[in-house]
Amino acid sequence: MKALWRGYLNASLILRVSIALVLGVIVGLVGGQTAADWLAPFGDLLLRLLKFLIVPIVLFTLMVGINQGERGSLGRTGRKLLAYYVVTSALAIIVGLAVATLFEPGSGMTLDQNARIDVPENPGFVHVLLSIVPDNIVSAFAEVNLLGIIFTAIVFGIALLMLRSSERQGELGERLYRVIEALNEVTLRVMGGVLQYVPIGVFAIVAGTVGRQGLNTILSLGDMVAVLYIALAVQLVIYAVLMGLFGVRLGSFFREARTPMATAFATQSSSGTLPLTLDAARRLQLPRSIYGVSLPLGATINMDGAAIRIAISAVFAANVIGAPLDLTSMLEIVVIGTLTSIGTAGVPGAGIVMIATVFTQVGLPIETVALLTSIDALVGMGCTALNVTGDLVGTAIISRSEGRSAGRAGEAAVDSAA
């Protein structure tokens, strides 16, 4: 048993996660709902461990990152991030519309007139902007309001930077900075331990998901799932082209990004995968001052995978009712979908909210959303993985635009958890 445990620890994390994904699919197909019920606690434990790390790792990483950069760089980075989010979200919707129009998912299906689905209310873009400033710091941390935590970390990080620059209280600021830096290192040590459990949790989550969905559900709407994953693959190619244009080394990038991508695929949670995404950025030797902002913010509002889902769902719904989308409707979906994918950040059931909002605007029946709920988990897995990938891609590109190296993982960044 000791030799087996040592072999497990010595194997690379991505190898363990890959094996866990394959075994999870097999066990889920064979064991069905029984396997899902038995393994559920192990998957829940992984999600709890990852969420347990979100607050300290975001808070300390961002505060340390701000104090390692220049005062003027934060605003410049923010403008670049916003531009990246808008452009890639629009591109994702265009890709989704193009691929779905080519393969025509939903053609030949009929709409169940009795199908109904409860759609959460869309709070709107203004609400999302206001939620950036928490009215209570304690509640923001307790509710894991990422936008509120980011705002708090930025405000106190900038205040600490100014304190360190003060002639009178500079020494006090340095002492406080060293404490925060030490807390950040302690958090990374804890994360190193959590990483050892990731493959076990991924196996349990995938087996549970496949066991609950079943083969019949997968096959019944298989064309929709297949078209979506083709579109996700096309978006990955676009990411690769963008990174190539900015000089990011693709081999190094995907070697470090594949672990958070696989974990996001299994957990269907961008925020839950955030500790692993931050760890990947650290291994890629990207500057903390950039990834400390871009990754937590991206996990909340950057949803390229969800944007593709909106586009393909719209074409699917149009084909089901026998009314293919015209060019005007497609352009409307691009504009509304881009804004909606950002404006529903952090809302429970955000995928349903986004799709329902777009359907209402372009006149598609909400009842078609009920057809898509049966494959929600399968669709969500791929979309979440692309969301996380897009966050890392944007971080790497912006790092290169700032004159920092990206995609060069040095020997110092490789430890026993890799």
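Higher on the page you've got the structure.
One structure accompanies this document, and this report is about it.

### Some remarks on the packing of helix H6 (residues 146–165) against helix H7 (residues 170–195)
Orientation of H6 relative to H7, taken along the N-to-C sense of each, is 135°, at an axis distance of 6 Å. Taken together, the axes of H6 and H7 are oblique relative to one another. Between H6 and H7, the contacting residues are Leu160, Leu163 and Arg164 on the first element and Gly170, Gly173, Glu174, Leu176, Tyr177 and Ile180 on the second. A per-class count over the contact of H6 with H7 returns five nonpolar, two polar and two charged.

### Remarks on the packing of helix H2 (residues 13–66) against helix H10 (residues 250–267)
Contact geometry of H2 with H10 gives a least axis separation of 8 Å together with a crossing angle of 25°. The angle between H2 and H10 falls in the class roughly parallel. Note that H2 runs across H10; the crossing there is left-handed. From H2, Leu13, Ile14, Val17, Leu21, Leu46, Leu47 and Leu50 reach across to H10, where they touch Arg258, Thr259, Ala262, Thr263, Phe265, Ala266 and Thr267.

### Some remarks on the environment of Arg255
Mapping Arg255 onto the fold places it in helix H10. With a relative accessible area of 42%, Arg255 lands in the partly exposed category.

### Some words on the pattern of salt bridges
Counted according to the given criterion, the structure contains five salt bridges. Arg164 serves as the salt-bridge partner of Glu174, at 3.0 Å between the closest nitrogen and oxygen. With Glu174 in helix H7 and Arg164 in helix H6, the pair connects residues that are 10 residues apart, well separated along the chain. Here Glu174 falls in the partly exposed class, since its relative accessible area comes to 29%. A salt bridge links Arg288 to Glu185; the shortest N-O distance between them is 3.2 Å. With a gap of 103 residues between them, Arg288 in helix H12 (residues 288–301) and Glu185 in helix H7 connect regions that are remote in the sequence. In this structure Arg288 comes out as buried when scored by relative accessible area, which is 15%. Because the salt bridges share partners, they merge into one network encompassing Asp279, Arg282 and Arg283.

### Here we look at empty space enclosed by the protein
Evaluation of the coordinates by the stated rule reveals two cavities of 30 Å³ or more. For the largest cavity, the full set of lining residues is Ile57, Thr61, Asn184, Leu188, Met191, Leu278, Asp279, Arg282 and Tyr291. A class-by-class count of the residues in the lining of the largest cavity yields five nonpolar, two polar and two charged.

Cut-off values and rules
Residues numbered from 1 in each chain as written. Predicted model: local features only at pLDDT ≥ 70, side-chain atom pairs only at ≥ 80, totals over all residues. Heavy atoms only, no water. Axes fitted to C-alpha atoms, helices over the stretch in contact; angles between N-to-C directions. Helix = DSSP H or I, 4+ residues; strand = E, 2+ residues; numbered from the N terminus. Parallel < 35°, antiparallel > 145°, perpendicular 65-115°, else oblique. Contact = heavy atoms within 4.5 Å. Nonpolar A, V, L, I, M, F, W, Y, C, P; charged D, E, K, R; others polar. Left-handed = near helix turned anticlockwise from the far one by under 90°. Buried < 20%, exposed > 50% of the residue type's maximum accessible area, 1.4 Å probe, protein only. Salt bridge = Lys/Arg side-chain N within 4 Å of Asp/Glu carboxyl O. 1 Å grid on protein atoms, 1.4 Å probe; cavity = no way out; pocket = protein on both sides within 12 Å on 5 of 7 lines; lining within 4 Å. Points joined across faces, edges and corners; volume = space filled by probe spheres on them.

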